[in-house]
Amino acid sequence: MGTRSRVEQLALERSDRELRYAPTEQIGVIVVDNFPALGTLTALRFLEWVQANPEGVVSLPTGRTPEFFIKEVQRLTSGWHSKAARAELEAAGIDPAFQPRMDGLHFVQIDEFYPINPRHQNSFHHYVVKYYLEGFGMDPQRALLINCEEIPLPDGAELEEFWQDQPIDLNLRYRNPRSHREELERRAIYQIDQWCVNYEDRIRELGGIGFFLGGIGPDGHIGFNVRGSSMYSPTRLTEVNYETQAAAASDLGGIEVARKRLVITVGLETITFNPQCSAIIMAAGEAKARVVQRAIESPRDVEVPATALHSLENARFYLTQGAACSLSRRCTITYQQRDPFTEQDFERIVVDLSLRLQKPIRDLTKEDYRADPLGSIALQRSAGSASNLNLRIVDSLIAKIEAGMRTRSNTRFLHTEPHHDDIMLGYLPSVVRHIREHSNHHHFATMTSGFTAVTNAYVLSVCRKLQQSLQTQRDQWLRLLDSGYFEDPHYRDHDVWIYLDGIAAVSTDLQDQGTLRRFFRDLVTIFDELDIDDIEQRNSELINYFQTQYPGKKDLPYIQQLKGMCREWESACLWGYFGWDDRAVEHLRLGFYQGDIFTEEPTVSRDAVPVVELLQRVAPDVVTVAFDPEASGPDTHYKVMQAVAEALRLYAKELQRHDVTIIGYRNIWYRFHPSEANVYVPVSLNMLTLQHSSFMHTYISQKDASFPSFEHDGPFPELAQRIQVEQYDALQTCLGREFFYEHPSALIRATRGLVFLREMDLDEFGRHSRELKRRAENR
């Protein structure tokens, strides 16, 4: 099938799978073990292709998806002549005798936001120049780039001056302008359209793209060819859908900015124009499994743009195990070869069958099992009747609910989170239940500063409020300074209590007073100033900074610190809801989190050791961790998990503490299958209300959802509630409504949602983490 690749052939042999399982799969697939291995395979295939095509046409992706691809290409090329590298290359199927040269390649930029200044750090033009032209040593003279400033506008106007950050109405292509301004905008749109035609022509004159690498979006898009794009689409200026805007929000500085941007993208036919194109789509994690399955197994369909690649013989999907888990034939083979067959395997198959048939498990028949490829395997492996298998799975699911009903006592909890709202959005109902048991001790630790989630507009609004307060209530601020309020850390909690008094009293004045006291305190800390005139001057400088910086630009270190402190304030207010003060809420600000496009890998000394010290101080019986072993969600979750896992290993070894229980949780970014979780925490309407209200009252910088999930256009707690209700609905189907409606416990009768958790011992957690850490560091 297509051009033979030695790299791919060896990768297939290691995976023990075929390239393609016809007739269900419409495109070749190679599966690797984990996220770093995905980058390694992609880099090796790219280098192999460049060896064979030293003057070929390549088109490579932007964003966070190609992180390990870029790092692996640079690692392999920089150490090409070393003994270790030569051995690795030979083992992977590459001839190390001659190193591929990049300076003969023609580079084609896939897409770009429009309008955007190409010098801005969040433009794809800047990314391509930094990571590919400079990073790989490609020749800029042989590159086709989308430089928005070089696309002509009416009367030679400058890009930012002409558009002035206003939305572009593409309807002007078809309707008559109503003003002189609209006439100019229509002329501009036509000129951009002509530029796109010329760009397309230049690609085709080169023979089309020879090597294309990309990720896949939540709607199946490649490039910016979103759901509904024509299979015959060329390079064009176009709008994108909400899912794509949400994914771009972090690059552009918020969804508010992303909604105003159009995009220029190569089309689906641009990618497939060269019938010999080696097109690779890479995807990691089970969160991508459904869209990957549709892209590979569906016929060509405008609702899944990636199906356009079916026409290319050399097109491939490179996937992690999680991303491939919904591919039907591969899934069947996996279960056929599984030995031993675990209870989790049985449970996954039976739950999926119940949900697919919308039939309670107890009512599943032998015929239901035999009519399902995986169900027939489960029935055969169970060595019993369908009713016996049904009973086993029902008992297991009920046991998980009963585990979620139980409350620990005399237990020391260390709750960890990558970002400041991950606990709240992941398993707040479980936290609250255990807080009510007063013999328990709780410590909350956020691992990163989280500053990238705070918009310039939010901090600017706080600065302006402080400016006004310093002018109108100066005597009050002077009294606070004279009393030592901002020097004594004891009063940090008073900021929180004042703010919470304001929530109780429905008083925005009190809420602002608490917020501004903490913000003033943060400025004192950052600038080491206690004079009110100096703080006022610093605040004025901040106002100027936030008014003049473009959204999405990497901030100066002290601005990052200030934004992070805004997030820390919100976290303090949330846990203050339940009476926990500054002694129980900690912020580690791990050093790997620097605000770069590619978050650094955690190191032992910088990132694991502070967590070890935290463990030594808290001496927990239970440690909670955002559990994302395949990087399905934000990469910060994946990397924090590595740091915590290494810290736990060192802590257990040093103190011989092997009895610590790990509770893995997931939230809005990634979910457990019911079979993966072993604790189902009941969630009542009362708790759903508390969850929403407390988030909206404390995470003020997040309530406008400037960096939303692609799944929901609104605040995060609404999505968290939806997920918990969907999980409850799934168990209702599996167990039958009467289990909940007629249960003897009022807690279960009141249940309207479920939180899924996974309890593990240190060994099990380590198996999910240490191997990933070793692969990430050594490859």
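Along each chain, the written sequence defines residue order, and numbers are assigned to residues from 1. For this predicted model, a pLDDT threshold of at least 70 governs which residues receive local features, and a threshold of 80 or more governs which side-chain atom pairs are given and counted, while totals over whole chains, interfaces and linings are taken from all residues. Only hydrogens and water are set aside; all other atoms, that is, all heavy atoms of the structure, feed into the side-chain values.

### A closer look at the pairing of strand β8 (residues 262-265)
Phase 1: Across the two faces of β8 the burial is the same, with L262 and I264 and V263 and T265 all buried.
Phase 2: The rule for pairing is simple: two strands pair if DSSP sees at least two bridges between them. Only DSSP runs of H or I with at least four residues qualify as helices, and only runs of E with at least two residues qualify as strands; both kinds are numbered from the N terminus onward. In this structure, strand β4 (residues 111-114) lies alongside β8, joined through four bridges in antiparallel fashion. Bridge assignment links D111 to a residue of β8, and that residue is T265.
Phase 3: Examined bridge by bridge, strand β7 (residues 236-238) and β8 share three bridges and lie antiparallel to one another. Residue pairing in the sheet places R236 in a bridge with T265 of β8. Burial classes follow relative accessibility: with a 1.4 Å probe on protein chains only, a residue under 20% of its type's maximum area counts as buried, one over 50% as exposed, and anything between as partly exposed.

### Some points on the pattern of salt bridges
Phase 1: The working definition used for a salt bridge is a side-chain nitrogen of Lys or Arg within 4 Å of a carboxyl oxygen of Asp or Glu. Counting across every chain of the model gives 60 salt bridges.
Phase 2: Across the pair R259 and D713 runs a salt bridge whose closest N-O atoms are separated by 2.8 Å. One end of the pair, R259, is in the loop between α9 (255-258) and β8; the other, D713, is in the loop between α26 (685-698) and α27 (716-735), and 454 residues separate them in sequence.
Phase 3: Residue classification places D713 among the partly exposed residues on the basis of a relative accessible area of 47%.

### Focus on the packing of helix α18 (residues 456-472) against helix α23 (residues 557-576)
Phase 1: In this analysis an axis means a line fitted to C-alpha atoms, helices contributing only their contacting stretch, and an angle means the value between N-to-C directions, from 0 to 180 degrees. Close contact between α18 and α23 brings their axes to 11 Å; oriented N to C, the two are set at 80°. Comparing their axes, α23 and α18 come out roughly perpendicular. Listed contacts from α23 to N456, Y458 and V459 of α18 are L562, K563, C566 and E570.
Phase 2: Each residue gets one label: Ala, Val, Leu, Ile, Met, Phe, Trp, Tyr, Cys and Pro are nonpolar, Asp, Glu, Lys and Arg are charged, and the others, such as Gly, are polar. Looking at the contact of α18 with α23 residue by residue, the class counts come to four nonpolar, one polar and two charged. Any angle between 65 and 115 degrees counts as roughly perpendicular, while under 35 counts as roughly parallel, over 145 as roughly antiparallel, and the rest as oblique. Two residues qualify as a contact provided that any one of their heavy atoms is within 4.5 Å of a heavy atom in the partner residue.

### Here's the deal with the side chain of T455
Phase 1: Relative to the helices and strands, T455 is located in the loop between β12 (441-446) and α18.
Phase 2: Overall, T455 belongs to the buried group, its relative accessible area being 10%.
Phase 3: Pairing of N or O atoms within 3.5 Å defines a polar contact, subject to two protein rules: one partner must be a possible hydrogen donor and the other a possible acceptor, and residues neighboring in sequence count only if both atoms are side-chain atoms. In this structure the side chain of T455 is engaged in a polar contact, spanning 3.1 Å, whose partner is the backbone nitrogen of Y458.

### Describing the sheet that holds strand β10 (residues 316-320)
Phase 1: The seven strands lie next to each other as β1-β10-β9-β6-β2-β3-β5, forming an open sheet whose pairing is parallel. Unpaired on one side and paired on the other, β1 (28-32) and β5 (143-144) mark the two borders of the sheet.

### A word on the packing of helix α15 (residues 373-382) against helix α16 (residues 386-405)
A pair of packed helices is characterised by two quantities: the angle between their axes and the separation of those axes.
Phase 1: The N-to-C vectors of α15 and α16 enclose an angle of 95°; their axes lie 10 Å apart at closest approach. Put simply, α15 runs roughly perpendicular to α16. Seen from α15, the contacting residues are A378, L379 and S382; seen from α16, they are A386, L389 and R392.
Phase 2: Taken together, the residues that form the contact of α15 with α16 break down as four nonpolar, one polar and one charged.

### So, the pairing of strand β16 (residues 679-684)
Phase 1: A large share of β16 lies buried, amounting to five of its six residues.
Phase 2: Both β16 and strand β17 (residues 751-760) contribute to a ladder of six bridges, which runs antiparallel. Across the sheet, the residue bridging to Y680 is F756, located in β17.

### Structural notes on the sheet that holds strand β14 (residues 622-626)
Phase 1: Read from one edge to the other, the open sheet built from seven strands follows the order β13-β12-β11-β14-β15-β17-β16, with strand pairing classed as mixed. Edge positions in the open sheet fall to β13 (585-587) and β16, since each of these has one partner strand only. Strand-to-strand, the axes of this sheet are offset by a mean angle of 25°, without reference to chain direction.

### A few points about the nonpolar core
In globular proteins that are soluble, nonpolar side chains generally tend to be buried together.
Phase 1: In this description, a nonpolar core means a group of buried Ala, Val, Leu, Ile, Met, Phe, Trp, Tyr and Cys residues linked to one another through side-chain atoms lying within 4.5 Å. Ranked by internal contacts, the top residues of the largest apolar core, which has 72 residues, are Y114, W163, I216, I264, L309, F317 and L319.
Phase 2: With sequence-adjacent residues up to four places away left out, F317 is seen in contact with I27, G28, V29, I30, I216, I281, V292, A295, I296 and A306.
Phase 3: Within the second largest apolar cluster, 64 residues are counted, among which are Y369, L414, L588 and V612.

### Here we look at the environment of G502
Phase 1: With respect to the secondary-structure elements, G502 resides in helix α20 (residues 492-504).
Phase 2: A relative accessible area of 0% places G502 in the buried class.
Phase 3: Spatially, the C-alpha atom of G502 lies 59 Å from that of G28, the residues being 474 residues apart in sequence.
Phase 4: Beyond its immediate chain neighbours, meaning those up to four positions away, G502 contacts S507, L510 and Q511.

### A look at unusual backbone geometry
Phase 1: Here the bond from A22 into P23 is cis, since omega is 5°, no more than 30 degrees from zero.
Phase 2: For P23, the position within the fold is in the loop between α1 (6-15) and β1.
Phase 3: Cis geometry is found at the peptide bond from D339 to P340, where omega equals 5°.
Phase 4: Along the chain, the position of P340 falls in the loop between α12 (328-337) and α13 (343-357).
Phase 5: One non-glycine residue, R589, adopts positive backbone phi at about 50°.
Phase 6: Here R589 lies in the loop between β13 and α24 (604-618).
Phase 7: Although it is not a glycine, A619 sits at a positive phi angle of roughly 50°.
Phase 8: With respect to the helices and strands, the residue A619 is situated in the loop between α24 and β14.

### Points about the environment of I30
Phase 1: Among the structural elements, I30 can be located in strand β1.
Phase 2: In this structure I30 comes out as buried when scored by relative accessible area, which is 0%.
Phase 3: In contact with I30, other than residues within four places in its own chain, are E8, A11, L12, L19, L41, F317, Y318 and L319.

### Here's the deal with the confidence of the model for the protein
The predicted structure's coordinates, where accompanied by low pLDDT, should not be read in detail.
Phase 1: Per-residue pLDDT for the protein averages 94, and the proportion of residues at 70 or more is 98%.
Phase 2: A low-confidence stretch, residues 771-779 stays under pLDDT 50, and its non-local contacts, those more than four residues away or across chains, total 18 contacts. Scored from 0 to 100, pLDDT reflects the predictor's confidence in each residue.

### Quick look at α26
Phase 1: What a helix should span is 1.5 Å times the count of its residues minus one. An ideal rise of 1.5 Å per residue puts 20 Å on 14 residues; α26 measures up with 20 Å between its terminal C-alpha atoms.
Phase 2: Along α26, the residues that are buried comprise M687, L688, Q691, S694, F695, M696 and T698.

### A word on the packing of aromatic side chains
Phase 1: Note on aromatic pairs: the rings of Phe, Tyr and Trp (six-membered ring only in Trp) are paired at centre separations within 6.5 Å, and the planes decide the class, stacked below 30 degrees, edge-to-face beyond 60, tilted for the rest. Counted according to the given criterion, the structure contains 42 aromatic pairs.
Phase 2: Ring geometry for W49 and F211: centres 5.6 Å apart, planes at 50°, overall tilted. Here W49, found in helix α2 (residues 35-52), pairs with F211, found in strand β6 (residues 211-214); they are 162 residues apart in sequence, far enough to count as distant.
Phase 3: With relative accessibility at 7%, the residue W49 sits in the buried group.
Phase 4: Ring pairs connect the aromatic residues F46, W49, F69, F107, Y127, Y131, Y132, F136, F211 and F598, which therefore count as one cluster.

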